[in-house]
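The residues making up each chain are set out below.
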Amino acid sequence: VEDHQNARKLAEMLKDLDNPDIQVQSYATNMLFVKLSDEVCGKLQKYAKEKKLFLPEGKEMRLVSHLGIDSEDIFTVVKTIKEGLLNFSGSYTR
């Protein structure tokens, strides 16, 4: 149940970034599907990897919350993605 709640929390937090370069497509159970714009695709994954967060390659990503991932991990993911968007997204100024 916690992994489902974490996936929902991740979806909500990514939506709250209100950035057109990252769009939450859907989420169900412990899986979240996210689409990146051409502008940030690749750059965001490279930035995240430098921060020890490994995001799937490509514009369409499936993010999965597993047992053992807690709310602090979710905050770390969102923080890293937000930082990357601030660096690479021309339409994001928060």
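For the structure itself, look to the data block above.
Basis of the calculations
- Residues numbered from 1 in each chain as written.
- Predicted model: local features only at pLDDT ≥ 70, side-chain atom pairs only at ≥ 80, totals over all residues.
- Heavy atoms only, no water.
- Axes fitted to C-alpha atoms, helices over the stretch in contact; angles between N-to-C directions.
- Helix = DSSP H or I, 4+ residues; strand = E, 2+ residues; numbered from the N terminus.
- Parallel < 35°, antiparallel > 145°, perpendicular 65-115°, else oblique.
- Left-handed = near helix turned anticlockwise from the far one by under 90°.
- Contact = heavy atoms within 4.5 Å.
- Nonpolar A, V, L, I, M, F, W, Y, C, P; charged D, E, K, R; others polar.
- Core = buried A, V, L, I, M, F, W, Y, C linked by side-chain atoms within 4.5 Å.
- Buried < 20%, exposed > 50% of the residue type's maximum accessible area, 1.4 Å probe, protein only.

Caption draft 1: Local environment of the packing of helix H1 (residues 2–16) against helix H3 (residues 71–88). At a closest axis distance of 10 Å, the pairing of H1 and H3 adopts a crossing angle of 25 degrees. Comparing the axis directions of H1 and H3 gives the class roughly parallel. Crossing handedness for the pair H1 and H3: right-handed. On the side of H1, the interface is formed by Asn 6, Lys 9, Leu 10, Met 13 and Leu 14, while H3 contributes Ser 71, Ile 74, Phe 75, Val 77, Val 78 and Ile 81. For the contact of H1 with H3, the class distribution of residues is eight nonpolar, two polar and one charged.

Caption draft 2: Spotlight on the nonpolar core. Judged by nonpolar contacts, the single largest core of 22 residues is most densely connected at Leu 10, Leu 14, Leu 32, Leu 55, Leu 63 and Ile 81. Of all the secondary-structure elements, those providing two or more residues to this core are H1, strand E1 (22–28), strand E2 (31–36), helix H2 (43–50), strand E3 (60–64) and H3. Per-element tally for this core: the top contributor is H3, with five residues. Those residues in contact with Ile 81 that sit more than four places away from it in its chain are Leu 14, Leu 17, Ile 22, Leu 44 and Leu 55.

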